[in-house]
Amino acid sequence: MGAEKHPYLFLLVFFVMALGFAVGPLILAALWAKFVSPQKPGNVKNSTYECGLESKGDAWVAFKSEYYLYAILFLVFDVETIFLLPFAVAFTGLSVGAILAMLIFVLLLVEGLAWAWVKGVLTWK
Amino acid sequence: MPNGFPVHSDYFLAIIRNSVFAGELMDEGLKSELTKQGIYVVKLEQLYNWGRSNSVWPLGFGLACCAIEMIAASMARFDLSRFGAEVFRPSPRQADLMIVAGTVTKKMAPQVVRLYNQMPEPKYVIAMGACAISGGPFKQGYNVLKGIDRYIPVDVHIPGCPPRPEALIHAFMTLQRKIDAQKVFGPDRAHHFDADKPSEFPIPLYGEHDLVPAKNPNVWEPAVVVR
């Protein structure tokens, strides 16, 4: 089993070494914690970190993700601009297939716009 | 020693596991002779303490003007990183040294104790400056804690108002010597190896007139004045 026969053997060796390098200290730390240095969890120690203030509630707070609509609209127009400008410049020299592909691409983006329209995002209130 | 073996240039480290339990197994003369050859025989305990005393990570935490001196100590001129302690951590979860740098007001004291409680063991405290060790110039004031050692165990006290960075570096070296002398096994082993010794200390509440309780009697007792 020489290096000529298995040219990628060193990758396996490298992977095993890297894994040992990462996992070895963790195992050592776990053994050290088990036999020598006891763990001392506590209410304050395990509570949510709030710069020393008393933490209220849970750290698992649900954030409202309503801004994703703006993100989608931005993406629609941003990507459209990037691709439509070179499309317009090279328009006369393009083949039918390329134009069809581009139209499908624009259709996909317009779909997002239509979806936002149906959601009522475009209505000024 | 076999001839031609490059002993002098190499830095060998041999660990005798048994000597951790059995004390000094190796003869002092042999140890000294080996050291001359470039072979250092240490106890596992010494290696462990050497490692952690040279990588003490302080909590990025300043209360008053002493913090400016603490920052100066970590900058290029005084260069705390020579001691492996320049990594000021923004979270107590990653820190093992709390430098109480400045005036601890009674409003702030519960937060300081809570931060100390949230640090993982082994943890150490340096009380920096006159205010942190005793209340300093504000000792007669109504709102200043008269020393943070009333609530948490302080390892090194630095007087000064504020102490210069050299004083903080000296405190650091004192702490390093303290860590180096800590035992891993045995009845006099370090605080954090003992499962019965507490890692958390009671957090005082901001009461009607003063902090309740006014001190932690397990940590601090007022000094007896002998006249």
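Being a predicted model, the structure only gives us computed values, none of them experimental.

Moving on, we come to the overall build of chain A. Looking only at helices and strands, chain A has four helices and zero strands in total. For 125 residues, the compact-globule formula gives about 14 Å, and the C-alpha radius of gyration of chain A, at 29 Å, lies well above that figure. Along the first, second and third principal axes, the C-alpha set of chain A runs to 75 × 65 × 20 Å. For chain A, with 125 residues in total, the buried portion stands at 15%. Taking the intrachain contacts of chain A between residues at least 6 apart in sequence as the baseline, contacts between residues at least 24 apart amount to 50%. Within the structure as shown, chain A displays about 10800 Å² of accessible surface, and the carbon and sulfur contribution to it stands at 74%.

Below, the discussion takes up the overall build of chain B. Each helix and strand counted, chain B has seven helices and seven strands in total. In sequence order, chain B lays out its α and β elements as β-α-α-β-α-α-β-α-β-α-β-α-β-β. Taking all 227 residues of chain B together, the buried fraction comes to 43%. Sequence separation of at least 24 residues holds for 75% of the intrachain contacts in chain B that already meet a minimum separation of 6.

Attention now goes to the interface of chain B and chain A. On the side of chain A, 16 residues touch chain B, which itself brings 25 residues to the contact. Summed over both partners, the interface of chain B with chain A buries about 1600 Å², with 57% contributed by carbon and sulfur atoms. Here chain B is connected to chain A by two salt bridges. Between A:Glu54 and B:Arg114 there is a salt bridge; the shortest N-O distance is 3.8 Å. Linking chain B to chain A there are 13 residue pairs in polar contact (both at pLDDT 80 or more). Residue contributions to the side of chain B that touches chain A peak at five residues, all from helix 5 (residues 109-118) of chain B. Looking at the side of chain B that touches chain A residue by residue, the classes come out as twelve nonpolar, seven polar and six charged.

Attention shifts here to the pairing of strand 4 (residues 124-128) of chain B. Residues and elements named next belong to chain B. Taking burial as the measure, the five residues of strand 4 include five buried ones, the bulk of the element. Across the two faces of strand 4 the burial is the same, with Tyr-124, Ile-126 and Met-128 and Val-125 and Ala-127 all buried. Here strand 3 (residues 97-101) pairs with strand 4 via five bridges, running parallel. Bridging across to strand 4, Ala-101 finds its partner in Met-128. Handedness of the strand 3-helix 5-strand 4 crossover: right-handed. Strand direction decides the pairing type here: strand 4 and strand 5 (residues 156-158), joined by three bridges, are parallel. Looking across to strand 5, one finds that Met-128 is bridged to Ile-158. The parallel pair strand 4 and strand 5, bridged by helix 6 (residues 129-134), forms a crossover whose chirality is right-handed.

Note on interface size: it is often stated as the accessible area lost on association of the parts. Along its sequence, chain A is carved into domain 1 (9-46) and domain 2 (65-119). Computed over C-alpha atoms only, the centres of domain 1 of chain A and domain 2 of chain A are separated by 49 Å.

Before going further, it helps to examine the pattern of salt bridges. Evaluation of the coordinates by the stated rule reveals eight salt bridges over all chains. Between B:Glu121 and A:Lys40 there is a salt bridge whose closest N-O contact spans 3.0 Å. Note that B:Glu121 is positioned in the loop between helix 5 and strand 4 and A:Lys40 in the loop between helix 1 (9-35) and helix 2 (43-46), a pairing that runs across two chains. Given the relative accessible area of 11%, A:Lys40 is considered buried. Here B:Asp194 ties to B:Arg189 by a salt bridge, and the two come within 3.6 Å at their closest N and O atoms.

Generally speaking, soluble globular proteins have nonpolar side chains that are buried together. Residue and element names in this part refer to chain B. Membership of the largest hydrophobic core comes to 23 residues, with the highest contact counts inside it found for Leu-97, Ile-99, Ile-126, Met-128, Leu-168 and Phe-172. Only helix 4 (66-74), strand 3, strand 4, strand 5 and helix 7 (165-180) provide two or more residues apiece to this core. In contact with Leu-168, not counting residues within four places along its chain, are Met-70, Ala-73, Ile-99, Ile-126, Met-128 and Ile-158. Counting 22 residues, the second-largest nonpolar core is a separate cluster that includes Val-125, Ala-127, Ala-132 and Ile-148.

Another aspect to go through is the pairing of strand 3 of chain B. With five of its five residues buried, strand 3 of chain B lies for the most part within the structure. Of the two faces of strand 3 of chain B, the one holding B:Leu97, B:Ile99 and B:Ala101 and the one holding B:Met98 and B:Val100 are both buried throughout.

Take the layout of surface pockets next. Counted as a void, the largest pocket has a volume near 700 Å³. The wall of the largest pocket is formed by 20 residues, among which A:Ala29, A:Trp32, A:Ala33, A:Ser37 and B:Tyr48 lie closest to the centre. Elements with a contribution of two residues or more to the lining of the largest pocket: helix 1 and helix 2 of chain A together with helix 3 (44-53) of chain B. Element by element, the count of residues in the lining of the largest pocket is highest for helix 1 of chain A, at seven residues.

This part covers the sheet that holds strand 5 of chain B. Residues and elements named next belong to chain B. With respect to topology, three strands assemble into an open sheet ordered 3-4-5, the strand pairing being parallel. What marks the edges here is a single partner per strand, and that holds for strand 3 and strand 5. Between one strand axis and the next, the sheet turns by 15° as a mean value, whatever way the strands run. Relative to the sheet, helix 4 contacts strand 3 and strand 4, its axis offset from that of strand 3 by approximately 135°. The sheet strands contacting helix 7 are strand 3, strand 4 and strand 5, and the helix crosses strand 4 at an angle near 155°.

Reading the values: rules and limits
Residues numbered from 1 in each chain as written. Chains lettered and ligands numbered in written order. Predicted model: local features only at pLDDT ≥ 70, side-chain atom pairs only at ≥ 80, totals over all residues. Heavy atoms only, no water. Helix = DSSP H or I, 4+ residues; strand = E, 2+ residues; numbered from the N terminus. Rg over C-alpha atoms; globule rule 2.2 N^0.38 Å. Buried < 20%, exposed > 50% of the residue type's maximum accessible area, 1.4 Å probe, protein only. Contact = heavy atoms within 4.5 Å. Areas by Shrake-Rupley, 256 points an atom, 1.4 Å probe, with all protein chains shown as cover. Buried area = accessible area lost by both parts, 1.4 Å probe. Salt bridge = Lys/Arg side-chain N within 4 Å of Asp/Glu carboxyl O. Polar contact = N/O pair within 3.5 Å; in protein donor to acceptor, adjacent residues only side chain to side chain. Nonpolar A, V, L, I, M, F, W, Y, C, P; charged D, E, K, R; others polar. Pairing = 2+ DSSP bridges. Right-handed = clockwise from strand over helix to strand, strands pointing away. Domains from an automatic or database assignment. Core = buried A, V, L, I, M, F, W, Y, C linked by side-chain atoms within 4.5 Å. 1 Å grid on protein atoms, 1.4 Å probe; cavity = no way out; pocket = protein on both sides within 12 Å on 5 of 7 lines; lining within 4 Å. Points joined across faces, edges and corners; volume = space filled by probe spheres on them. Axes fitted to C-alpha atoms, helices over the stretch in contact; angles between N-to-C directions.

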